[in-house]
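Analysis of the macromolecular model
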There are 2 protein chains.
Amino acid sequence: MADGPTINTIAERAGVSIASVSRVLNGLPTRQDTVRKVMAAADELGYVRNAVARSLKSRRTHQVAFAMADVGNPAYLAMLREIQPVLKAAGYRLVLHSTDAVVADEIDVLHSLGERYVDGLIMSPLRVTEAHLEMLAAARAPVVIIGSVPEGTRVDNVRADSRTGVKLAIDHLHELGRRRIGMINGPLDTVPGAARGAAYREALGDLGLPYDEDLVQIGDFYRAEGARAVGELLARVPDVDALMCANDLIALGALDVLRAAGRRVPDDVAVVGMDDTDLAAASWPSLTSVSLGSAERGKAAAELLLDRLQGGDREPRVVTVPPRLVIRASTRQEEGSPA
Amino acid sequence: MADGPTINTIAERAGVSIASVSRVLNGLPTRQDTVRKVMAAADELGYVRNAVARSLKSRRTHQVAFAMADVGNPAYLAMLREIQPVLKAAGYRLVLHSTDAVVADEIDVLHSLGERYVDGLIMSPLRVTEAHLEMLAAARAPVVIIGSVPEGTRVDNVRADSRTGVKLAIDHLHELGRRRIGMINGPLDTVPGAARGAAYREALGDLGLPYDEDLVQIGDFYRAEGARAVGELLARVPDVDALMCANDLIALGALDVLRAAGRRVPDDVAVVGMDDTDLAAASWPSLTSVSLGSAERGKAAAELLLDRLQGGDREPRVVTVPPRLVIRASTRQEEGSPA
DNA sequence: GGCCACACCGTAAACGTTTACAGGGCGGGG
DNA sequence: CCCCGCCCTGTAAACGTTTACGGTGTGGCC
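Residues numbered from 1 in each chain as written. Chains lettered and ligands numbered in written order. Predicted model: local features only at pLDDT ≥ 70, side-chain atom pairs only at ≥ 80, totals over all residues. Heavy atoms only, no water.

1. Let's talk about the protein's contact with DNA strand D
- If you check the shell around DNA strand D, you find 24 residues, and the closest are Ser22 and Tyr47 of chain A together with Ser20, Thr34 and Arg59 of chain B.
- When the atoms of DNA strand D within 4 Å of the protein are sorted by group, sugar and phosphate make up 59%.
- In the model, a phosphate oxygen of DNA strand D is placed 2.6 Å from a nitrogen or oxygen of the Ser22 of chain A side chain.
- Arg31 of chain B is positioned with one of its side-chain polar atoms (N or O) 3.2 Å from a phosphate oxygen of DNA strand D.
- Among the elements of the structure, helix 1 (7–14), helix 2 (18–25) and helix 4 (51–58) of chain A together with helix 2 (18–25) and helix 4 (51–58) of chain B are those that each provide at least two residues to the surface near DNA strand D.
- Of the residues in the surface near DNA strand D, the class split is 8 nonpolar, 9 polar and 7 charged. (Near = heavy atom within 4 Å. Polar contact = N/O pair within 3.5 Å; in protein donor to acceptor, adjacent residues only side chain to side chain. Helix = DSSP H or I, 4+ residues; strand = E, 2+ residues; numbered from the N terminus. Nonpolar A, V, L, I, M, F, W, Y, C, P; charged D, E, K, R; others polar.)

2. What about the packing of helix 2 of chain B against helix 3 (residues 32–45) of chain B?
All names here are of chain B.
- Two numbers describe how helix 2 lies on helix 3: the axes approach to 10 Å, and their chain directions differ by 90°. Judged on the interaxial angle alone, helix 3 and helix 2 are roughly perpendicular. Here Ser20, Val21 and Val24 of helix 2 come into contact with helix 3, specifically with Thr34, Val35, Val38 and Met39.
- Of the residues contributing to the contact of helix 2 with helix 3, the split by class is 5 nonpolar, 2 polar and no charged. (Axes fitted to C-alpha atoms, helices over the stretch in contact; angles between N-to-C directions. Parallel < 35°, antiparallel > 145°, perpendicular 65-115°, else oblique. Contact = heavy atoms within 4.5 Å.)

3. A closer look at the interface of chain A and chain B
- Listed per partner, the contact involves 49 residues of chain A and 49 residues of chain B.
- Carbon and sulfur atoms make up 60% of the area that chain A and chain B hide from each other, which totals about 4,300 Å².
- At the junction of chain A with chain B, the criterion picks out 4 salt bridges.
- The closest approach of N and O atoms between Arg93 of chain B and Glu115 of chain A, which form a salt bridge, is 3.6 Å.
- If you look at where chain A meets chain B, you find 13 residue pairs in polar contact (both at pLDDT 80 or more). (Buried area = accessible area lost by both parts, 1.4 Å probe. Salt bridge = Lys/Arg side-chain N within 4 Å of Asp/Glu carboxyl O.)

4. Some thoughts on the pairing of strand 8 (residues 242–245) of chain A
All names here are of chain A.
- With burial as the criterion, each face of strand 8 is covered, one bearing Ala242 and Met244 and the other bearing Leu243 and Cys245.
- Here strand 6 (residues 181–185) pairs with strand 8 via 4 bridges, running parallel. Bridging from a neighbouring strand, Met183 pairs with Met244 of strand 8.
- Relative to strand 9 (residues 270–274), strand 8 is paired through 3 bridges, and the arrangement is parallel. Looking at strand 9, one finds that Leu243 is bridged to Val271. (Buried < 20%, exposed > 50% of the residue type's maximum accessible area, 1.4 Å probe, protein only. Pairing = 2+ DSSP bridges.)

5. Some thoughts on the protein's contact with DNA strand C
- Among the 24 residues in the neighbourhood of DNA strand C, the closest are listed as Ser20, Thr30 and Thr34 of chain A together with Ser22 and Tyr47 of chain B.
- Among the atoms of DNA strand C lying within 4 Å of the protein, the sugar-phosphate backbone contributes 61%.
- Interatomic distance of 2.7 Å between a side-chain N/O atom of Tyr47 of chain B and a phosphate oxygen of DNA strand C.
- Between DNA strand C and Arg54 of chain B there is a distance of 3.1 Å, counted from a phosphate oxygen to a side-chain nitrogen or oxygen.
- Going through the elements one at a time, helix 2 and helix 4 of chain A together with helix 1 (7–14), helix 2 and helix 4 of chain B are the ones with two or more residues in the surface near DNA strand C.

6. Here we look at the pairing of strand 3 (residues 120–123) of chain A
Residues and elements named next belong to chain A.
- A two-sided burial pattern is seen for strand 3, the buried positions comprising Gly120 and Ile122 on one face and Leu121 and Met123 on the other.
- In the sheet, strand 1 (residues 63–68) pairs with strand 3 via 4 bridges, with the strands oriented parallel. Counted as the bridge partner of Ala65 is Leu121 from strand 3.
- Between strand 3 and its parallel partner strand 4 (residues 143–146), the chain crosses via helix 7 (residues 130–138), and the hand of that crossover is right-handed. (Right-handed = clockwise from strand over helix to strand, strands pointing away.)

7. Looking at the packing of aromatic side chains
All names here are of chain A.
- Using the criterion set out here, one finds 2 aromatic pairs over all chains in the structure.
- Ring geometry for Tyr200 against Tyr211: centres 6.1 Å apart, planes inclined by 65°, an arrangement best described as edge-to-face. With Tyr200 in helix 9 (residues 191–206) and Tyr211 in the loop between helix 9 and strand 7 (216–218), the pair connects residues that are 11 residues apart, well separated along the chain.
- Judged by its relative accessible area of 1%, Tyr200 is buried. (Phe/Tyr/Trp six-rings, centres within 6.5 Å; stacked < 30°, edge-to-face > 60°.)

8. Side note on the environment of Ala138 of chain A
- Assignment of secondary structure puts Ala138 of chain A in helix 7.
- With 24 residues separating them in the primary sequence, Ala138 of chain A and Gly114 of chain A have C-alpha atoms 9.7 Å apart.

9. Here we look at the packing of helix 1 of chain B against helix 2 of chain B
All names here are of chain B.
- Where helix 1 meets helix 2, the axes come as close as 8 Å, and the angle between the chain directions of the two elements is 105°. With respect to helix 2, the element helix 1 is oriented roughly perpendicular. Residues Ile7, Asn8, Ile10 and Ala11 of helix 1 lie in contact with helix 2, whose contacting residues are Ile18, Val21 and Leu25.
- Per-class residue counts for the contact of helix 1 with helix 2 are 6 nonpolar, 1 polar and no charged.

10. Digging into the sheet that holds strand 9 of chain A
All names here are of chain A.
- In spatial order, the strands read 7-6-8-9-10-12; together these 6 strands make up an open sheet with mixed pairing. Among the strands making up the open sheet, the edge pair consists of strand 7 and strand 12 (324–326). Each strand of the sheet is rotated relative to its neighbour by a mean of 20°, with strand direction disregarded.
- Strand contacts of helix 8 (residues 162–175): strand 6, strand 8, strand 9, strand 10 (288–291) and strand 12, with the helix running at about 165° to strand 9, the strand carrying the most contacts.

11. Quick look at the UniProt feature "domain: HTH lacI-type" (unreviewed entry) in chain A
- As recorded in UniProt, the sites labelled "domain: HTH lacI-type" (unreviewed entry) are residues 5–58 of chain A.
- In the segment residues 5–58 of chain A, helix accounts for 70% and strand for 0%; the C-alpha atoms at its two ends are 21 Å apart. (UniProt positions renumbered as here; feature names shortened; annotations may be inferred.)

Written out as structure tokens, the structure reads:
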């Protein structure tokens, strides 16, 4: 692992100047003879261009950062899965940050843009604070935010539409004849929690159904918490005939509890999840789920960023990805429930 | 987004030389007065050190690459989830490559180490070819391989032990009284496929059970393929009372088919998966699965790499992570099957 | 044969740091 | 009072590229 060859080494061996070497390596017009000599020397030495030195001179690193809240969350994973190939195809490497949704970590990432080790950043914060907005305004490289950002923030922005998403699910349940539709939500002080809770109420209103506080139970976005919440709801409102769950993990918890309580899904209680993660297809009965388009949002974000990296200045853009209801066994009555 | 401040800007404003600025920023002994002036100037200008220039000089990028076969695969994801925090704690950034298990892409990644944009690499190739070994020998930065590598290859190496893993599962099924244990495997020309197939045969032998070719069915490592394979096996050997599946996706397919065929799990047929992914816990009945320690392997790999980055030369090390059988409802008779 | 144009090439500066080296100022000791 | 030594600081080189600029050589044309 001795010091690798540089253009100086090549220049010496080929008997030309480093400028010529550089020109050949970059395909600039050069005499055929020189090209041959340089190429030969480079091959023999196993030369590889030093990316760091190139970046320093060109002020481009060909790296893009993606800051996700949680490496373990399948929704972010779906984004990553789309972002990666888009960047790769455009010749960018992907630097991955996991912020664990800690605000200080996210601010850190924004701050570190000043180090210029990446050309741009895609970030998906769980909540957007004042500090975020300040750092965004002062960011030293283009940023794309996945998630909603206050109106007027000058930043490219890709959003989901969980309001419409919840409405799709409630309408679906209503069409199936369900009238006592419960809602199992996550904490109301998170952006998704607040949005989904409000959307639930609104969707009921649109259908002329009454909003019944007893039908709403707050837990957290995990399976065990979801199960607990569903247990409480069932005890309080035994005649519930459908459950709108604020994400797939909660819905899995709901299935656990319903099974234990001897309620058939979907015959007795229909269940809808949210995010349409891999788990929705894996569970039994498979889970009807509202896709918020994680994959599409990832792709859109990557494309927005690339566009800005190549295009330069333009007005910030907002892309909204429409939700989609993926109907599976947990609401599809005719295909029955397990045994 | 005008050009950010450099140490030159600071030097001017503080009325000192760039060397002093650098010394202050690096905490080298300096007069208090100078420190104050420099710090003040740096603060006012919102200075952030340029990582690229630092790297060029110091020959260290504080970045490490992780090349995974497939961003979508939960087993790799589990590795990533462990690798990330270890690296972060040590002050390294993570550059993510997805090679889609294409050999050319993997070679590419190894080659690109010459660009010196990372200090080291963790790689998990699905199969190891001659080309891999050549590139590994010539690699310009430390590499850790997750997966098995031929004896004598001079490279840090973290391995799973799927042989023992399969044995654990077969022994478990045997203890439950199962004697007609089928095997649903992936392609035999992959490293895992070959290893697991051989281990199955061996484990049966250890128990004095006959090896019956009819009990083995080859498919692929996906749910639909697994389901198809199980269907064929069931048709051929109706008296099968347990299924050893070469990964969790295959096992999920098996559950689908068994349910459709009216076989109760585990009462009629017990099912074991492999990799212990999130899906195993999500399915119903939840899936007994052999954990090959993806998380532990990721962690071990990261630690090996860090050790080499800090320690320098030492003999290559091989770490083998022991498998663990995670028993869930798909084999745990007493807890019953769905309704 | 001389001059011009052009194609090619080499020298050197620049990107933003870190760091070896040497110089300046000051205090203390002889 | 002088000299030595030490602490601090500045100058400059280096990391490995890219690229502006000027120089050299060749060929063509008058």
